[in-house]
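Residues per chain, in single letters:
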Amino acid sequence: MAGKFRKIATEEAWSIPEVAEALRTVSHYPGDNADLALVRGIYDNQPGYGAMRFLDGLLDVEQARLGEMDKYGVDMAVLALTAPGVQMFDADTACELATLANDRLAEVIARHPDRFVGLASMAPHSPKRAAKEMERAINQLKFNGFMINSHTNNEYLDNPKYWPLLEAAEALDRPIYIHPRAASDGMSGPLRDYGMDSAMWGYGVEVGTHAVRMMAGGVFDQFPKLKIIIGHMGEAVHFWLWRINFMNTRAQAIGRAKKTKLSMAEYFHNNFAITTSGVEDPIALDYSIRKLGVDNVMWAIDYPYQPTGPAVAFMDAAPLSDEDKAKVYGGNAERIFHIKS
Ligand code: 1WB
Ligand code: MN
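The rules behind each value
Residues numbered from 1 in each chain as written. Chains lettered and ligands numbered in written order. Predicted model: local features only at pLDDT ≥ 70, side-chain atom pairs only at ≥ 80, totals over all residues. Heavy atoms only, no water. Pairing = 2+ DSSP bridges. Helix = DSSP H or I, 4+ residues; strand = E, 2+ residues; numbered from the N terminus. Buried < 20%, exposed > 50% of the residue type's maximum accessible area, 1.4 Å probe, protein only. Contact = heavy atoms within 4.5 Å. Phe/Tyr/Trp six-rings, centres within 6.5 Å; stacked < 30°, edge-to-face > 60°. Donors = N, O, S within 2.8 Å, 3.2 Å for Na, K, Ca; no water. Tetrahedral: all angles 85-135°; square planar, octahedral: opposite > 155°, others 65-115°. Salt bridge = Lys/Arg side-chain N within 4 Å of Asp/Glu carboxyl O. 1 Å grid on protein atoms, 1.4 Å probe; cavity = no way out; pocket = protein on both sides within 12 Å on 5 of 7 lines; lining within 4 Å. Points joined across faces, edges and corners; volume = space filled by probe spheres on them. Nonpolar A, V, L, I, M, F, W, Y, C, P; charged D, E, K, R; others polar. Patch = residues over 30% accessible without salt bridge, like charges linked within 9 Å, V, L, I, M, F, W, Y side chains within 5 Å. Areas by Shrake-Rupley, 256 points an atom, 1.4 Å probe, with all protein chains shown as cover. Near = heavy atom within 4 Å. Polar contact = N/O pair within 3.5 Å; in protein donor to acceptor, adjacent residues only side chain to side chain. Sits in = over half its atoms within 2 Å of the grid points. Right-handed = clockwise from strand over helix to strand, strands pointing away.

Visitor: It is not clear to me how the sheet that holds strand S1 (residues 8–14) should be interpreted in this structure. Could you clarify?
Guide: Within a beta sheet, neighbouring strands are joined by backbone hydrogen bonds and run either parallel or antiparallel to one another. With parallel pairing, the eight strands of this open sheet are ordered in space as S1-S2-S3-S4-S5-S6-S7-S8. The sheet terminates laterally at S1 and strand S8 (297–298), the two strands that pair on one side only. Pairing between strand S5 (residues 176–178) and strand S6 (residues 228–230): three bridges, direction parallel. Within S6, the residue paired with Tyr177 across the bridge is Ile229.

Visitor: What's the story with the side chain of Asn149 in this structure? I'm lost.
Guide: With respect to the secondary-structure elements, Asn149 resides in the loop between strand S4 (145–148) and helix H7 (163–172). Judged by its relative accessible area of 2%, Asn149 is buried. Residue contacts for Asn149: discarding those within four places in its chain leaves Leu81, Thr82, Ala83, Pro84, Gly85, Gln87, His179, Pro180 and Arg181.

Visitor: Can you help me understand the packing of aromatic side chains in this one?
Guide: How two aromatic rings sit relative to each other is set out by the distance from centre to centre and by the angle between their planes. One pass over the full model with this rule turns up 10 aromatic pairs. For the ring pair Phe220 and Tyr267, a centre distance of 6.0 Å and an interplane angle of 40° mean the geometry is tilted. Taken together, the positions of Phe220 in helix H10 (residues 219–222) and Tyr267 in helix H12 (residues 264–271) put the pair 47 residues apart, joining distant regions of the chain. Its relative accessible area of 1% is what places Tyr267 among the buried residues. Aromatic pair Phe268 and Phe272: ring centres 4.7 Å apart, planes at 15°, arrangement stacked. In terms of burial, Phe268 and Phe272 fall into one category: buried. Here the aromatic residues Phe220, Tyr267, Phe268 and Phe272 are joined through ring pairs into a cluster of three or more.

Visitor: Where do I start with unusual backbone geometry in this structure?
Guide: Excluding glycine, residues mostly have negative phi values, and the peptide bonds linking residues are mostly trans. With an omega of 0°, the peptide bond between Ala83 and Pro84 qualifies as cis. In this structure, Pro84 sits in the loop between strand S2 (76–81) and helix H5 (91–111). A positive phi angle is found at Lys142, which is not glycine, with a value near 60°. Following the sequence through the fold, Lys142 ends up in the loop between helix H6 (127–139) and S4.

Visitor: I would appreciate a short explanation of the coordination of the manganese ion (ligand 2) in the present structure.
Guide: A four-donor tetrahedral metal ideally has 109.5 degree angles, and a six-donor octahedral metal ideally has angles of 90 or 180 degrees. Glu11 (OE), His179 (NE2), His232 (NE2), Asp302 (OD) and Asp302 (OD) make up the full set of protein donors to the manganese ion (ligand 2), lying at 2.0 to 2.6 Å. With six donor atoms in place around the manganese ion (ligand 2) and angles of 51 to 176° between them, the coordination shape is irregular. Every donor residue of the manganese ion (ligand 2) comes from the same chain, spaced as E-x167-H-x52-H-x69-D. With a gap of 123 residues between them, His179 in the loop between S5 and helix H8 (185–188) and Asp302 in the loop between S8 and helix H14 (308–317) connect regions that are remote in the sequence.

Visitor: Is there a simple way to explain the pattern of salt bridges in this structure?
Guide: Two side chains with opposite charge may pair up if their charged atoms get near one another. Tallied over the entire structure, the rule returns 18 salt bridges. The closest approach of N and O atoms between Glu62 and Arg111, which form a salt bridge, is 2.7 Å. Pair noted here: Glu62 is in the loop between helix H3 (54–59) and helix H4 (64–71) and Arg111 is in helix H5, with a separation of 49 residues, a long-range link. The shortest N-O distance in the salt bridge between Asp197 and Arg192 comes to 3.5 Å. Given the relative accessible area of 10%, Asp197 is considered buried. Within this structure, Glu21, Arg24 and Asp44 form a network of salt bridges that share partners.

Visitor: Please explain the layout of surface pockets as it appears in this structure.
Guide: Rolled over the atoms, a probe with the dimensions of a water molecule shows which regions are left empty. In this structure, the largest pocket occupies an estimated 890 Å³ of space. In this structure, the largest pocket is lined by 36 residues; those nearest its centre are Ala199, Tyr203, Gly204, His232 and Glu235. Broken down by secondary-structure element, the contributors of at least two residues to the lining of the largest pocket are helix H9 (202–216) and helix H13 (282–292). If one sorts the elements of the lining of the largest pocket by residue count, H9 sits on top with six residues. Split by residue class, the lining of the largest pocket holds 22 nonpolar, 11 polar and three charged. The wall of the second largest pocket is formed by 19 residues, among which Val117, Lys142, Asn144, His338 and Lys340 lie closest to the centre. Put simply, the parts of the chain that give the lining of the second largest pocket at least two residues each are H5, strand S3 (116–120) and H6.

Visitor: How should a nonpolar patch on the surface be read in this particular structure?
Guide: Among the surface-exposed residues, Trp242, Phe246 and Met247 lie close enough to one another that they form a single nonpolar patch of about 330 Å² accessible area. Residue class for Phe246 comes out partly exposed when judged on its relative accessible area of 36%.

Visitor: Looking at this structure, I do not really get the site of ligand 1. What am I missing?
Guide: Close to ligand 1 lie Glu11, Leu38, Tyr49, Thr82, Ala83, His179, Ala199, Tyr203, His232, Asp302 and Tyr305, which account for all nearby residues. A distance of 2.7 Å is found between an oxygen atom of ligand 1 and a side-chain nitrogen or oxygen belonging to His179. Look at ligand 1: alone it shows 350 Å² of surface, and the protein chains cover 90% of it. One can see that ligand 1 is located within the largest pocket. Considering only residue class, the shell around ligand 1 consists of six nonpolar, three polar and two charged.

Visitor: Just checking my understanding: could you explain the pairing of S2 for this structure?
Guide: If a strand is regular, its side chains alternate between the two faces of the sheet. In terms of burial, S2 is largely enclosed, as six of its six residues are buried. Going residue by residue along S2, you find Met76, Val78 and Ala80 tucked away on one face and Ala77, Leu79 and Leu81 tucked away on the opposite face as well. By the bridge criterion, five bridges tie S1 to S2 in an arrangement that is parallel. Across the sheet, Trp14 pairs through a bridge with Leu81, a residue of S2. Of the pairings in the sheet, the one linking S2 to S3 comprises three bridges and is parallel in character. Residue Leu79 lies in a different strand from S3, and its bridge partner there is Gly118. Assessed by its sense of winding, the connection that carries the chain from S2 through H5 to S3 is right-handed.

This is how it looks when you write it as structure tokens:
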């Protein structure tokens, strides 16, 4: 596409009928948490999210989505199986559906190699099998990274049982995108009211907590080259970074926090990049670029949860030099996801 900037949207959700059907089965499980509320709405037409018709947008890649991309000059989309991915399924179902979704995504990409690249799904419940699927996804399917939808059975990636995934990502030299799902059980109570549990607030609390757990848990001493991407304008972690850093130093000094080789600020700068998905606030963008450096911020739409036009208008209007805008719009994604320029 001949736009002034190459536009690569970096957090773009899709699904396949088999995963949608499995989530419809999950929607009939007893219980009541925010993930269940979401899947009941989107996948079982119960009141709420169903009205947003997200499912149509998730299942469609080559029709309406490509049309929207053409209309607004979006060159490429980095596609990933939408939250909660396969992480609400039992381990066997999760492995099977992750593999199937990856195969389907590879087919879509093969039909449109200049429009789509992929982030692989895998089932964290089975870390060894997940690591194998990660290798297949990069070496055979030629994907560009991985997607994990935050906690798995209320556990986070600072737990060493999941480290085979981190080891694989580091060895394969591809980033892991951590996207939200509903907060884990121990944290979700007060998030349940007033619609706060999902994208309004709970998602950011969940992934922000995940990121801080990984830094404070010393994950990046073990995997110094691991790159983690977080969306939704960094889930606000970098807004708190000065205080996280200061208080972690204090907590380490009095024996309340794990000793780490580097500081929390150093880990965030070395091991994280953020995307703008779902946050079209020029002041937040300006802060992010000043805090993290222009090389660590990537543009995203968050399709179909966010419309394409305003996401493009937001970045077009951002008061950046052409050089910086080219980085945020696509250059950084080329580097971080190894997308051919
Ligand atoms: C919503 C947003 C729902 C996102 C999602 O379900 C995801 C929402 C998986 O606006 O309700 C998202 O990624 O921002
Ligand atoms: Mn999102």
